[in-house]
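A look at the structure
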Amino acid sequence: MEESNFSNFETQQKLPNASAVLVLGILSIITCCCYGILSIILGAVGIYLANKDTALYNLNPSLYTNFNNVRTGKILSIIGIVLGVLFLAYMIWIISVFGFEALQDQQLLEQRMREMMGQ
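Since the model is a prediction, treat every value here as computed from it, not as a measurement.

Conventions and cut-offs
Residues numbered from 1 in each chain as written. Predicted model: local features only at pLDDT ≥ 70, side-chain atom pairs only at ≥ 80, totals over all residues. Heavy atoms only, no water. Helix = DSSP H or I, 4+ residues; strand = E, 2+ residues; numbered from the N terminus. Rg over C-alpha atoms; globule rule 2.2 N^0.38 Å. Contact = heavy atoms within 4.5 Å. Areas by Shrake-Rupley, 256 points an atom, 1.4 Å probe, with all protein chains shown as cover. Lys, Arg positive; Asp, Glu negative; His and termini not counted. Charge placed at Lys NZ, Arg CZ, Asp CG, Glu CD. Polar contact = N/O pair within 3.5 Å; in protein donor to acceptor, adjacent residues only side chain to side chain. Buried < 20%, exposed > 50% of the residue type's maximum accessible area, 1.4 Å probe, protein only.

Describing the overall build of the protein chain
- Secondary structure summary: the protein chain contains 6 helices and 0 strands in total.
- When the helices and strands of the protein chain are read in sequence order from the N terminus, they spell out α-α-α-α-α-α.
- Here the protein chain has a C-alpha radius of gyration of 22 Å; the compact-globule value for 119 residues is 14 Å, and the former is much larger.
- Its C-alpha atoms give the protein chain principal-axis dimensions of roughly 85 × 20 × 20 Å.
- Considering only contacts in the protein chain between residues 6 or more positions apart, those separated by 24 or more positions represent 71%.
- Working note: accessible area of the protein chain is about 8100 Å², and carbon and sulfur atoms make up 65% of it.
- Each charge class in the protein chain can be summarised by its mean position, and for the 6 positive and 8 negative side chains these summaries are 5 Å apart.

Structure representation (structure tokens):
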């Protein structure tokens, strides 16, 4: 009986993309202020890899040891996507209200903000 436990422990392995999913989830949160686009892309790739590893883990859960990294990375990827979408929507709103030229020229931005405030 001890021999079978030892052989079971020996055959356990790590999920192939668990570390990548975790890193992509963290990066998707960090890059959410890069107009949101990079965050959405990194988060989507992280979720895709997490789903692949989750399917692999569900086939034989006793074979793998680092499923917590996959779950954590997937949650971080979802948060990164949400933040990226919110920031992208905010940037679209800012561009539609003030114009793209105003975002590049500080004085023009101040002028348009004063006009918007009625001053």
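Additional details are given in the paragraphs that follow.
Focus: the environment of Gln12
- Its location among the elements puts Gln12 in the loop between α1 (2-11) and α2 (18-30).
- Separated by 104 residues in the primary sequence, Gln12 and Met116 place their C-alpha atoms 63 Å from one another.
- Among all residues touching Gln12, those that are not within four sequence positions of it are Ser62, Leu63 and Thr65.
- There is a polar contact of 3.1 Å between the side chain of Gln12 and the backbone oxygen of Ser62.

Brief notes about the side chain of Ser28
- Along the chain, Ser28 turns up in helix α2.
- A relative accessible area of 0% places Ser28 in the buried class.
- Among the polar contacts made by the side chain of Ser28, one reaches the main-chain carbonyl oxygen of Gly25 at a distance of 2.8 Å.
- Beyond its immediate stretch of four places on either side in the chain, Ser28 contacts Ser39, Leu42, Gly43, Leu76, Ser77 and Gly80.

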